[in-house]
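# Geometric and topological summary
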Amino acid sequence: MDAKMSGSCSKQERISQLSSALVLLQEEVASLQQQAGGDNPHNPEKSTIMSEQKISEKIGFLGAGNMAKAIAFGLIESGLLNSPSQILATAPSMSNLEEWKEKGCNVSHRNADLLEQGTTIIFLAVKPQYAREALKTLLEAKEANKQVCLVSIMVGITTGQLRGMISPLRFVLGGMAKYKLSVPGLEDVFIVRTMPNTPLLVGEGCTVICSEIGEPIPSKYLEIVKCILSVNGLCEEVDEKLINPIGALSGSGPAYVYQMIEALSDGGVKLGIPRPLAIKLAAKTLMGGAKMVLETGKHPGQLKDEVCSPGGSTIAGISAMERQGVRFGLISAIEAAYLRSAEISKENEG
């Protein structure tokens with residue numbers, strides 16, 4: 001889905017589009033599997049992607065915080081699952097799991113249950129500093145499906161670093177890379193890295209994803225992940241080298257926007273506008289401006305010029321913003337967030 005479509009269509013329309021896409025994907029996968037004959041372990045003989053336009057895979061969430069809830073609850077509301085019980089969430093505290101139970105999801109305090117109970121797509125939704133320990137407890141499972149796809153939403157941790165945490169021993173068998181895995185029955189672990197943002201909570205998310213470099217992933221897993229993350233907004237596939245820069249822009253971006261809304265409303269309050277109205281006007285103004293960019297296809301600079309009359313009040317305001325360094329401040333904020341992501345990545349090396 002392109003940016004223009006994402007900005008203009010409703011959530012229900014997106015769900016309808018995704019359902020149609022799932023049908024087409026099912027037909028394509030069935031055709032490819034028939035051609036391949038089921039001999040390749042990365043092309044299973046029978047597809048388990050969906051049944052009657054539904055995702056039939058069991059979906060796991062290691063971590064049950066706000067971002068995990070936004071993804072899971074949006075998926076439930078989309079109708080793309082046969083039942084909310086396809087979802088299993090794990091967290092140390094029951095207080096984080098109560099909402100999940102109310103939605104009909106399964107919950108547990110044991111990360112290993114994610115593998116032992118047959119989930120094949122597992123979202124890693126813990127803070128990066130807890131990743132190594134979380135994966136260690138996940139891999140204490142006594143059994144698992146033959147194939148598992150791990151989907152990371154953690155900042156700063158590369159697919160290569162995740163691979164090292166999961167299966168550091170690599171060997172080649174039959175011309176294909178294999179890894180020594182500690183869980184009985186588990187033969188292949190595929191890794192997808194994502195960078196979502198918090199507006200997923202209101203169906204206006206902006207997510208990018210990438211797969212592990214040099215490690216082929218069955219298309220069915222990548223397409224399911226795309227479908228899940230597209231339910232609550234835009235989802236685009238990119239090269240991994242762009243994940244940290246995009247995280248600094250769209251991942252951290254909502255915080256910059258909130259600060260701009262607060263500052264704009266402060267200006268309104270200073271001039272006598274009641275605070276609730278000032279916040280509403282500021283937020284709606286940013287929303288409207290964003291929609292103009294997405295729907296008109298015009299460059300933001302051109303749209304700005306269309307508002308600025310010669311000698312008028314708006315250009316006077318723009319001039320004041322330039323004197324105060326607003327543009328440079330935003331550029332610097334994105335650069336600082338990117339550098340911090342790089343630091344996090346270094347902290348998780350070795």
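Predicted model only: the values in this text are computed from it and were never measured.

What counts, and where the lines are drawn
Residues numbered from 1 in each chain as written. Predicted model: local features only at pLDDT ≥ 70, side-chain atom pairs only at ≥ 80, totals over all residues. Heavy atoms only, no water. Helix = DSSP H or I, 4+ residues; strand = E, 2+ residues; numbered from the N terminus. Buried < 20%, exposed > 50% of the residue type's maximum accessible area, 1.4 Å probe, protein only. Contact = heavy atoms within 4.5 Å. Areas by Shrake-Rupley, 256 points an atom, 1.4 Å probe, with all protein chains shown as cover. Core = buried A, V, L, I, M, F, W, Y, C linked by side-chain atoms within 4.5 Å. Phe/Tyr/Trp six-rings, centres within 6.5 Å; stacked < 30°, edge-to-face > 60°. Lys NZ or Arg CZ within 6 Å of the ring centre and 35° of its normal. Expected span 1.5 Å × (residues − 1). Pairing = 2+ DSSP bridges. Right-handed = clockwise from strand over helix to strand, strands pointing away. Salt bridge = Lys/Arg side-chain N within 4 Å of Asp/Glu carboxyl O. Axes fitted to C-alpha atoms, helices over the stretch in contact; angles between N-to-C directions. Parallel < 35°, antiparallel > 145°, perpendicular 65-115°, else oblique. Left-handed = near helix turned anticlockwise from the far one by under 90°. Nonpolar A, V, L, I, M, F, W, Y, C, P; charged D, E, K, R; others polar. 1 Å grid on protein atoms, 1.4 Å probe; cavity = no way out; pocket = protein on both sides within 12 Å on 5 of 7 lines; lining within 4 Å. Points joined across faces, edges and corners; volume = space filled by probe spheres on them.

### Considering the overall build of the protein
- Of regular secondary structure, the protein possesses 14 helices and 10 strands.
- A total of 350 residues make up the protein; the buried ones form 41% of that total.
- If you take every contact in the protein between residues at least 6 apart in sequence, the share linking residues at least 24 apart comes to 69%.
- Of the roughly 18,300 Å² of accessible surface on the protein, a fraction of 57% belongs to carbon and sulfur atoms.

### Let's talk about the nonpolar core
- F61, W100, I121 and F123 are the most contacted members of the largest nonpolar core, which has 37 residues in total.
- Beyond its immediate stretch of four places on either side in the chain, F61 contacts A68, I71, A72, I87, L88, A89, T90, W100, L114 and F123.
- Counting 26 residues, the second-largest nonpolar core is a separate cluster that includes L62, L114, L124 and L150.

### A look at the packing of aromatic side chains
- Scanning the model with the defined rule gives four aromatic pairs in all.
- Three or more aromatic residues link up through ring pairs in this structure, and these residues are F61, F73, W100 and F123.
- Sitting over the ring of F73, K103 keeps its end group 5.3 Å from the ring centre.

### Structural notes on the environment of K142
- With respect to the helices, strands and loops of the structure, K142 is situated in the loop between α6 (131–138) and β5 (147–152).
- Under the relative-accessibility criterion, K142 is labelled exposed at 62%.
- As a C-alpha pair, K142 and E116 span 26 residues in sequence and 6.6 Å in three-dimensional space.
- Leave out the neighbours within four places in its chain, and K142 touches E116 and P184.

### Examining helix α10 (residues 253–270)
- Its 18 residues place the ends of α10 26 Å apart at the C-alpha level, agreeing with the 26 Å of an ideal helix rising 1.5 Å per residue.
- When we look at burial in α10, the residues that qualify are G253, P254, Y256, I261, S265 and G268.
- Just downstream of α10, G272 is the residue with a positive phi angle, here 105°.

### Looking at the pairing of strand β10 (residues 233–237)
- Relative to β10, strand β9 (residues 205–211) is paired through five bridges, and the arrangement is parallel. The residue of β10 that forms the bridge with V208 is E236.
- Between β9 and its parallel partner β10, the chain crosses via helix α8 (residues 219–230), and the hand of that crossover is right-handed.

### With respect to the pattern of salt bridges
- In total, this model carries 16 salt bridges according to the counting rule given.
- As a salt-bridge pair, K298 and E306 come within 2.9 Å of each other at their nearest N and O atoms.
- The salt bridge partner of R327 is E322, with a shortest N-O separation of 3.0 Å.
- For R327, a relative accessible area of 52% translates into the label exposed.
- E322 sits in the partly exposed class, given a relative accessible area of 40%.
- Connected through salt bridges with shared partners, the residues R110, D113 and E116 form a single ionic network.

### Here's the deal with the pairing of strand β2 (residues 87–90)
- The alternating pattern of β2 places I87 and A89 on one face and L88 and T90 on the opposite face, and all of these are buried.
- For strand β1 (residues 59–62) and β2, the ladder comprises four bridges, and the chain directions are parallel. Looking across to β2, one finds that F61 is bridged to A89.
- With helix α3 (residues 66–78) bridging β1 and its parallel neighbour β2, the resulting β-α-β unit is right-handed.
- Two strands pair when backbone bridges link them, and β2 and strand β3 (residues 106–108) are joined in this way by three bridges, in the parallel orientation. Within β3, the residue paired with L88 across the bridge is N106.

### A short note on the packing of helix α9 (residues 243–251) against helix α14 (residues 326–347)
- Direction vectors running N to C along α9 and α14 enclose 135°, while the axes themselves pass 8 Å from each other. When the axes of α9 and α14 are compared, the pair comes out oblique. Where α9 crosses over α14, the handedness of that crossing is right-handed. Seen from α9, the contacting residues are N244, P245, A248 and L249; seen from α14, they are I334, A337, Y338, S341 and A342.
- Of the residues belonging to the contact of α9 with α14, the class tally is seven nonpolar, two polar and no charged.

### Here's the deal with empty space enclosed by the protein
- One pass over the full model with this rule turns up one cavity of 30 Å³ or more.
- Taken as a whole, the largest cavity encloses approximately 30 Å³ of empty space.
- In this structure, the largest cavity is lined by L115, I122, L138, L139, V148, L150, L186 and V189.

### What to know about the packing of α9 against α10
- In contact at an axis separation of 5 Å, α9 and α10 are set at 25° when each is read in the N-to-C sense. The orientation of α9 with respect to α10, classified from their angle, is roughly parallel. Across from A248, L249, S250 and G251 in α9, the residues of α10 making contact are G253, P254 and Y256.
- Its residues assigned to classes, the contact of α9 with α10 comprises four nonpolar, three polar and no charged.

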